[in-house]
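Fold and geometry: a report
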Amino acid sequence: MPALTVPEPIGTWQNHDHYIYKVLSALVREPSRMVIRSASLSLTGGAFAKSILTAASLLRQNGITNGSTVAILTKPNHPHMLTIRYAAHLVGATAVFIRSNNPRSDDEMLPAADQANMLSEVDARLLITDAANIARGRVLCRNLSCDAVAANLDPAGTIESAIELDRATHAISSPGYGPGDRLVIVYTSGSTGRPKGVCHSYRAWNNMAAGFEAVVRGTSPPVFLAVTPIAQTVGVMLDGALAAGGSVVLLERFSVDAVRQAFTELGVTDCYLAVPHLYALTDDAWLADHDVSSLRNVIYSGSPAAPHRIGRAAQVFGRALLQSYGSTEAGPITYLGSWEHLDADLLQTVGRPYPGVRVRVCQRDPGRELAAGRVGEVWVKSGNLMEGYLNDPPLNAKVLRNGWLRTGDLGFLDHRGYLKLVGRIGDVIKHGGLKIYPATIERALMMHPDVSDAAVIGVRHRSDVEEAYAAVTLCPGATATLSELRRHLGAELAPSQIPAVIAHWAVLPADDSGKTDRRRLRAVIEQGDGARHGLLAEE
């Protein structure tokens with residue numbers, strides 16, 4: 001099928017401030033081009049557009065209008081997660097996922113009681129599920145003013161003309177949304193406490209989507225690979241890739257074999273990885289020996305990175321490597337570009353602010369800005385910030401100050417304006433009247449060439465004295481002893497910073513985004529059952 005000549009008003013959608021119109025415009029320009037690839041379902045641009053409009057009609061039929069909230073429950077990274085979110089935004093509604101904030105695994109779904117509480121908290125009018133989850137959906141909605149509907153969104157036919165799409169879209173009617181209206185509620189992973197609903201406006205989400213569209217737009221359409229939950233950070237990246245006329249590859253979970261296949265067989269140009277994912281790919285001998293020059297952006301983030309491991313990753317992925325630091329609440333904050341990866345000193349930092357983002361380091365109270373080199377709380381101001389936490393005015397008043405967001409991260413700006421993180425406010429370990437910053441110890445541990453990953457947490461024993469515990473994983477084939485690691489730390493840190501305990505771990509528990517699950521790590525340590533879980537390495 002040839003490319004379409006797109007008439008007005010669809011021709012103006014590319015310049016519309018609402019990302020969904022840019023996505024739809026790109027889909028119908030080449031309706032026969034494959035734009036969604038996954039194990040569950042693959043769709044052409046025309047079929048995907050038809051699926052979105054089918055879902056939008058379904059929402060309208062169920063009374064969903066501007067200001068309503070639609071909840072979504074499907075298998076991990078199913079294409080319908082995008083379809084339903086796009087449909088909700090097309091009619092001006094708010095979208096929320098109620099599965100993907102599980103702190104350990106999408107396969108281990110949240111308990112029904114927790115999901116029901118989420119539905120009640122967001123005041124969902126409708127829960128859309130896939131066929132595999134409709135039974136759970138009906139149980140969840142039994143005692144709520146919310147209906148569960150299994151969406152049959154596999155399109156019969158396709159959108160084959162721009163005029164057909166124009167008519168179908170206008171039949172949905174314009175949502176008349178305001179830039180400050182709520183677009184999504186994204187639940188945090190709960191790695192540092194009870195999951196919180198983070199509310200983003202249309203203005204903020206559109207701004208982030210446009211930013212990532214600029215990052216991935218190249219001389220050819222991007223092919224974006226998603227291996228982390230698309231209900232979280234990577235979701236808005238996919239929006240940018242599709243708006244740029246690209247396609248997406250959805251994996252239910254990360255595996256080296258699946259990513260290798262996507263790189264070599266599906267023409268992937270861009271991807272987002274957690275740091276442990278990047279390590280695993282860097283250690284893959286096959287990938288290291290093959291040409292991956294088609295990759296334009298390999299974006300990694302989520303946890304402190306070992307400089308020597310990142311240096312090795314730069315050898316594998318070259319100019320494609322891009323480090324990003326951000327949060328659910330703030331969106332993207334800082335980045336470290338490809339050329340900056342060549343400077344060993346800069347690998348100790350999380351880079352400089354993205355364009356349009358202001359960063360300052362402040363004394364916690366009263367928020368006085370600190371000079372370069374002094375440790376304080378990282379504050380951020382940009383067009384990407386959340387509107388606030390759901391139903392929590394006291395917390396919002398605490399973290400949102402005159403257009404600035406208090407991130408809860410501790411760090412300092414160096415003389416060149418690069419940001420270096422030292423930990424989280426809640427993670428500071430107090431021992432013997434001194435403050436110990438876990439990130440500082442983790443970074444020092446990961447400077448050892450044998451260390452693959454490290455996590456430092458405060459653990460309380462029967463004496464109720466908090467001590468630093470370091471869990472360390474080694475690179476494949478590495479043989480560093482615990483005594484050697486302790487001597488290494490002694491050369492890098494003050495004696496007060498040396499952990500009371502350093503232990504070899506076979507693997508650190510992680511959530512689906514690849515971040516270390518510190519709550520689970522602490523629980524396993526305090527219960528003394530690391531060996532039973534198969535996490536402790538044999539000495």
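Read on for an overview of the structure. The numbering scheme is per chain: residues are counted from 1 as the chain's sequence reads. A pLDDT threshold of at least 70 governs which residues receive local features in this predicted model, and a stricter bar of 80 or more applies before side-chain atom pairs are shown or counted, although totals over entire chains, interfaces and linings include all residues. Side-chain measures were taken over the full set of non-hydrogen atoms in the model, leaving aside hydrogen atoms and water.

**Considerations on unusual backbone geometry**
- One non-glycine residue, N77, lies in positive phi territory at about 50°.
- By secondary structure assignment, the location of N77 is in the loop between β3 (69-73) and α3 (79-90).
- Positive phi, close to 50°, is recorded for N402, a residue that is not glycine.
- Residue class for N402 comes out exposed when judged on its relative accessible area of 76%. Put simply, DSSP marks the helices as runs of H or I at least four residues long and the strands as runs of E at least two long, and each gets a number from the N terminus on. Think of it in three bands: residues with accessible area under 20% of the maximum for their type are buried, residues over 50% are exposed, and the middle band is partly exposed, with areas taken using a 1.4 Å probe on protein chains only.

**Focus on the nonpolar core**
- Take the buried residues of types Ala, Val, Leu, Ile, Met, Phe, Trp, Tyr and Cys, join any two whose side-chain atoms come within 4.5 Å, and each joined set is a nonpolar core. Counting 66 residues, the largest nonpolar core has F48, L59, L82, Y86, I128, F224 and L238 as its most contacted members.
- For this core, the leading source of residues is helix α2 (residues 45-61), giving 9 residues.
- With residues up to four places along the chain from it excluded, the contact list for Y86 reads Y19, I20, V23, F48, I52, L238, D239 and L242.
- Core analysis: the second largest hydrophobic core is formed by 50 residues, L281, L287, F317 and I441 among them. Every residue pair with non-hydrogen atoms within 4.5 Å of one another is taken to be in contact.

**Observations regarding a positive patch on the surface**
- What makes a patch is a set of residues exposed beyond 30% relative accessible area and free of salt bridges, joined within 9 Å when like-charged and within 5 Å when nonpolar (Val, Leu, Ile, Met, Phe, Trp, Tyr). Each accessible area value is a Shrake-Rupley result obtained with a 1.4 Å probe; residue values ignore everything except the protein chains displayed when judging cover. What makes a salt bridge here is a side-chain nitrogen of Lys or Arg within 4 Å of a carboxyl oxygen of Asp or Glu, nothing more. The positive count covers Lys and Arg only, the negative count covers Asp and Glu only, and His and the chain ends enter neither. For the purpose of locating charges, the reference atoms are NZ of Lys, CZ of Arg, CG of Asp and CD of Glu. Together, R364, K398, K430 and K435 make up a positively charged patch on the protein surface.
- Structurally, K435 can be placed in strand β23 (residues 434-436).

**Describing α3**
- The first and last C-alpha atoms of α3 sit 17 Å apart over 12 residues, in line with the 16 Å expected at 1.5 Å per residue.
- Within α3, 12 of the 12 residues are buried, which leaves the element mostly enclosed by the surrounding structure.
- The set of residues buried in α3 consists of P79, H80, M81, L82, T83, I84, R85, Y86, A87, A88, H89 and L90.
- Of the residues trailing α3, G92 is marked for its positive phi of about 85°. What a helix is expected to span follows from its residue count: subtract one and scale by 1.5 Å.

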